[in-house]
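Structure assessment
The chain contents come next:
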Amino acid sequence: MQLGLFPAVLLYGYLLASVAAFLLYVLDKQAAGAGRRRIRERTLHLAALCCGWPGAVLAQRLLHHKTQKGSFLVVFRLTVLANAAALALYGWARKGG
């Protein structure tokens, strides 16, 4: 199945990665509240970079988690831009560039 320039499997990949990223944020929020060991910011950024940024954005909005730390948000936004750029390049290459 094809969705314009992108195969449906890519949509499913984003969905799966977004659910995983969302769950990582939930676990980190719970750990923060309970005083347990936290999930590394590097892991959260990697999840966002690997197509999970929509789930990470949703988690940030719904859980109000990782929304105040400026240095985290700068890197997070860079991961979103990098992912969007890679997606745009992929679509451009599939179109025939």
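You'll find the structure just up there.
Heads up: these notes are all about the structure in this document. (Residues numbered from 1 in each chain as written. Predicted model: local features only at pLDDT ≥ 70, side-chain atom pairs only at ≥ 80, totals over all residues. Heavy atoms only, no water.)

The subject of this paragraph is the overall build of the protein chain. Helix and strand counts for the protein chain stand at three helices and two strands. Summed over its atoms, the accessible surface of the protein chain is roughly 6,300 Å², and 69% of this surface lies on carbon and sulfur atoms. (Helix = DSSP H or I, 4+ residues; strand = E, 2+ residues; numbered from the N terminus. Areas by Shrake-Rupley, 256 points an atom, 1.4 Å probe, with all protein chains shown as cover.)

Next up on the list: the pattern of salt bridges. Two side chains that carry opposite charge are able to pair once their charged atoms sit near each other. According to the stated counting rule, one finds three salt bridges in the structure shown. Across the pair Asp28 and Arg38 runs a salt bridge, and its minimum N-O distance is 2.9 Å. Here the residue Asp28 occupies a position in helix α1 (residues 8-34), and Arg38 occupies one in the loop between α1 and α2 (41-63), the gap between them amounting to 10 residues. Its relative accessible area of 0% is what places Asp28 among the buried residues. Through salt bridges with shared partners, a single ionic network connects Glu41, Lys66 and Lys69. (Salt bridge = Lys/Arg side-chain N within 4 Å of Asp/Glu carboxyl O. Buried < 20%, exposed > 50% of the residue type's maximum accessible area, 1.4 Å probe, protein only.)

At a closest axis distance of 9 Å, the pairing of α2 and helix α3 (residues 70-95) adopts a crossing angle of 85°. One element, α2, and the other, α3, form an angle in the roughly perpendicular class. Between α2 and α3, the contacting residues are Glu41, Leu44, His45, Ala48, Leu49, Cys50, Cys51, Trp53, Ala56, Val57 and Gln60 on the first element and Phe72, Leu73, Val75, Phe76, Thr79, Val80, Ala82 and Asn83 on the second. When grouped by side-chain class, the residues that make up the contact of α2 with α3 number 14 nonpolar, four polar and one charged. (Axes fitted to C-alpha atoms, helices over the stretch in contact; angles between N-to-C directions. Parallel < 35°, antiparallel > 145°, perpendicular 65-115°, else oblique. Contact = heavy atoms within 4.5 Å. Nonpolar A, V, L, I, M, F, W, Y, C, P; charged D, E, K, R; others polar.)

So, on to the packing of α1 against α2. If you want to describe how two helices pack, look at the angle between their axes and the distance between the axes. Relative to each other, α1 and α2 sit at 65°, their axes nearing to 7 Å. Helix-helix and strand crossings are classified by hand; for α1 and α2 the assignment is right-handed. Its residues assigned to classes, the contact of α1 with α2 comprises 18 nonpolar, five polar and two charged. (Left-handed = near helix turned anticlockwise from the far one by under 90°.)

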